[in-house]
Amino acid sequence: MDFQQSLLAAAQTGSFPARRFLALFLPTWPTDYLKRHDLQLKAPLALYERIKGGLRLAAIDAEAAARGLRVGQNLADARAMVPELTVREIDRPLLEAVFADFADWHSNASPLVSVMQNVAGFGDLVLDITGVAHLFGGERAMLRLLLTRLRELGYTVSGAIAPTIGAAWGVSHFARSQVVEPAELETILDALPVNALRLSEAQVAGLSQMGLKTIGQLRPRERKPLQARFGISLLDRLDQAYGQIEERMSPRLPVAERYAERRFADPIGLMDDVLMTTHDLAIQLGIRLEAEGLGGQAFHLFLYRVDHKVMALSVNSARLTRDPEHITKLFSNRSERLEGEYDASFGIDMIRLAVSSVAELDAVQLGAFSHQGVAEDLDQLNDRMSSRLGSLAVLKTQMVASHIPERAARLVPVLVANDHGGNGMRPDLMRPLRLLPVPEPVAINAEVPHGLPASMIWRRDNYRLLKASGPERLGAEWWRTGQRLQLVPPEPPRKDEPPPYIPKLPLFDADAVTRDYYMVEDAEGRRFWIYRQGFHRDDEPASWYLHGVFS
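Residues numbered from 1 in each chain as written. Predicted model: local features only at pLDDT ≥ 70, side-chain atom pairs only at ≥ 80, totals over all residues. Heavy atoms only, no water.

**Q** It is not clear to me how the packing of aromatic side chains should be interpreted in this structure. Could you clarify?
**A** Any two aromatic rings considered together are summarised by their centre-to-centre distance and by the angle between their planes. All told, the structure shown has 15 aromatic pairs when counted by the stated rule. Centre to centre, the rings of Phe102 and Trp105 are 6.3 Å apart; their planes meet at 35°, and the pair counts as tilted. With Phe102 and Trp105 both in helix 5 (residues 92-105) and 3 residues apart, this pair spans about one turn of that helix. One exposure class covers both Phe102 and Trp105, and it is buried. Ring centres of Trp458 and Phe528 lie 6.2 Å apart, and the angle between their planes is 70°; this geometry places the pair in the edge-to-face category. Of this pair, Trp458 sits in strand 16 (residues 453-458) while Phe528 sits in strand 19 (residues 527-533), placing them 70 residues apart in sequence. For the pair Trp458 and Phe528, a shared accessibility class is recorded, and that class is buried. Within the aromatic cluster, the residues linked to one another by ring pairs are Trp29, Tyr33, Phe99, Phe102, Trp105 and Tyr155. (Phe/Tyr/Trp six-rings, centres within 6.5 Å; stacked < 30°, edge-to-face > 60°. Helix = DSSP H or I, 4+ residues; strand = E, 2+ residues; numbered from the N terminus. Buried < 20%, exposed > 50% of the residue type's maximum accessible area, 1.4 Å probe, protein only.)

**Q** What is the right way to look at the pairing of strand 18 (residues 515-522) in this model?
**A** Side-chain direction in a regular strand flips from residue to residue, so the side chains alternate between the two faces of the sheet. Counting buried positions along strand 18 gives 6 out of 8 residues, so the element sits mostly inside the fold. Two elements, strand 17 (residues 461-474) and strand 18, share 7 bridges in a ladder whose sense is antiparallel. Each bridged residue has a counterpart across the sheet, and for Lys467 the counterpart in strand 18 is Glu521. Bridge analysis of strand 18 against strand 19 gives 7 bridges, and the strand direction is antiparallel. Note that in strand 19 the partner of Tyr517 across the bridge is Tyr531. (Pairing = 2+ DSSP bridges.)

**Q** Can you help me understand the nonpolar core in this one?
**A** The nonpolar side chains of a soluble globular protein tend to be buried with one another. In terms of nonpolar packing, the biggest core is built from 44 residues, with Leu24, Trp29, Phe102 and Leu127 touching the most fellow members. The dominant element in this core, judged by the number of residues it contributes, is helix 5, at 6 residues. The contacts of Leu24, once residues within four sequence positions are left out, are His106, Gly123, Asp124, Leu125, Leu127, Leu146, Leu147, Leu150, Val157, Ser158 and Gly159. In terms of nonpolar packing, the next biggest core, distinct from the first, is built from 27 residues, Ala23, Ala167, Ala168 and Val180 among them. (Core = buried A, V, L, I, M, F, W, Y, C linked by side-chain atoms within 4.5 Å. Contact = heavy atoms within 4.5 Å.)

**Q** What should I look at first to understand the sheet that holds strand 2 (residues 45-51) in this one?
**A** Within a sheet, adjacent strands bond to each other through the backbone by hydrogen bonds, running parallel or antiparallel. The 3 strands lie next to each other as 3-2-4, forming an open sheet whose pairing is mixed. Edge positions in the sheet fall to strand 3 (54-60) and strand 4 (86-89), since each of these pairs with one other strand and no more. Put simply, the sheet's adjacent strands are angled 40° from each other on average, direction ignored. Pairing of strand 2 with strand 4, which is carried by 4 bridges, proceeds in the parallel orientation. Bridging from a neighbouring strand, Leu45 pairs with Thr86 of strand 4. Across the sheet, helix 2 (residues 29-37) touches strand 2 and strand 3, and the angle it forms with strand 2 is around 120°. (Axes fitted to C-alpha atoms, helices over the stretch in contact; angles between N-to-C directions.)

**Q** What's the story with the environment of Arg263 in this structure? I'm lost.
**A** Inspection of the secondary structure assignment puts Arg263 in strand 9 (residues 258-268). Classification of Arg263 by relative accessible area gives partly exposed; the value is 42%. The spacing of Arg263 and Asp349 is 86 residues in sequence and 5.9 Å in space, taken between C-alpha atoms. If we skip the residues at most four places from it in the chain, Arg263 touches Asn108, Phe136, Asp349 and Met350. A polar contact of 3.5 Å, which involves the side chain of Arg263, links it to the side chain of Glu261. (Polar contact = N/O pair within 3.5 Å; in protein donor to acceptor, adjacent residues only side chain to side chain.)

**Q** Sorry, what's going on with the pairing of strand 12 (residues 348-360) here?
**A** Both strand 9 and strand 12 contribute to a ladder of 7 bridges, which runs antiparallel. Residue Glu261 lies in a different strand from strand 12, and its bridge partner there is Arg352. As paired strands, strand 10 (residues 294-305) and strand 12 are joined by 11 bridges and run antiparallel to one another. Considered in strand 12, the bridge of Leu301 is made with Leu353.

**Q** What should I look at first to understand the packing of helix 11 (residues 223-230) against helix 12 (residues 232-242) in this one?
**A** For any two helices packed against each other, the geometry is given by the interaxial angle and the distance between the axes. Between helix 11 and helix 12, the least distance of the axes is 6 Å, while the angle of their chain directions is 125°. Classified by the angle between their axes, helix 11 and helix 12 sit oblique to one another. Contacts from Arg223, Leu226, Gln227 and Phe230 in helix 11 reach Ile232, Ser233, Leu234, Leu235 and Asp239 in helix 12. Of the residues in the contact of helix 11 with helix 12, the class split is 5 nonpolar, 2 polar and 2 charged. (Parallel < 35°, antiparallel > 145°, perpendicular 65-115°, else oblique. Nonpolar A, V, L, I, M, F, W, Y, C, P; charged D, E, K, R; others polar.)

**Q** Just checking my understanding: could you explain the packing of helix 2 against helix 5 for this structure?
**A** Across the interface, helix 2 lies against helix 5 with an axial gap of 11 Å and an inter-helix angle of 85°. The angle between helix 2 and helix 5 falls in the class roughly perpendicular. Facing helix 2, whose interface residues are Trp29, Pro30 and Tyr33, helix 5 presents Leu95, Val98, Phe99 and Phe102. The residue inventory of the contact of helix 2 with helix 5, partitioned by class, reads 7 nonpolar, no polar and no charged.

**Q** Hey, could you run me through the pattern of salt bridges in this one?
**A** Side chains bearing opposite charge may pair, as long as their charged atoms lie close to each other. With the rule as written, the count across this model stands at 24 salt bridges. Of the charged contacts in the structure, one is a salt bridge between Glu63 and Arg67, with a shortest N-O distance of 4.0 Å. According to the relative accessible area criterion, Glu63 is partly exposed, its value standing at 37%. (Salt bridge = Lys/Arg side-chain N within 4 Å of Asp/Glu carboxyl O.)

Given below as structure tokens:
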């Protein structure tokens, strides 16, 4: 039974489990990460940053702390105390980005993982483990597993499990790693220092001046005087720690309601093995979706590497599906575009396949001698081509409710195409097979100014016109003034996709698009679609344009 099945069983019985949170504290994360990344760095190591024109320590490793150094200390004083100190300037954006990936890797333990940004950009993680601890043999075994694997990677870490985020954070920072049961929450929290409430330095200093060293000394005090002096944030932190008000976390990754996963005793590395496992997971996911009468359009594959990194791969389907073969082919085609980007490093120890954008999908009864409908085969072909070539490489014509010819249709990705825009189209109107993106000017000779065309000069070639019909007058859409025609919607492409072709067409001018269209045929049987723009005047003759070719 996994996380989703546990919640479903709880909903059916009406007994939801109490919330449980696991906090991980990595006090020397920046230096531990850099030493793992660059083996030339040796302890003691300290990172500095510029603060108000001075150089001060921003992070230190365990050996530097043992030598008496502290965060915030002047760099010159630190070098005087420890002459062999190795120093580097801190790169906070890099460390925050790497720690975010590090947090995503922990989603193999719980789908709800968050970086505690209100404390620092790196160093503190919280996991909502409600309903998942039994998958690891219980809470104590789960905490032991997470701490052990991080310590084996070379990180200094402590952790705690508690009924509230505040309690788990406080215990992980100021007590030994342990599991806090609801009955002992107050006893353990009362013994912690006031720093365990995630207060500001000014608030901690003010409480120390009042002689309040522990949370147990703070809790019985009158709330109104505390609020007046320290603000409402002090009371909020106090109530959150004891569970009197709810504190919500912001998960790093969107939570997929339905997924299947597999853990490996020995890590795998070949893409063929990944695709074989994906097929097995697609079968499991398809069975679950079929049991619920659902189908999905977006599928996500998460590859958890041994070196605490996550590779994510996503594919989309034009229509709802739960066919394992089709889902596997989408990922197989998508993997071909990775080329040299795929790197299993030291191996992959877990794979998760999730589905989103789900909706009801009824079962389909197939005929005795038929396998699938033609429309479904075409949609699956479009899905596979889009997965292999990119979503913007496979386009489909979508009709638009407009009587201006160049605005009556546009190209959209087949994965998002729909037929809602063409409700105002008239199928009885004759339109050319080929419509030029930009109408090209032509020279027309007619017997009378408003008569049928008799000859045409287009691209320096003369065409003698034998037949003509028209005119069909198309008026201006005045509400579109100042807009530019777009053949392809301007969606930003992904890094591995080329930008779509979007010609720079002229702006729409409502005063200049009253047109009289004619269908003409020359002596060789070629038919053209031309139009006269504006009206013929003695001082300014009308302009003629070729807009399309029928055959």
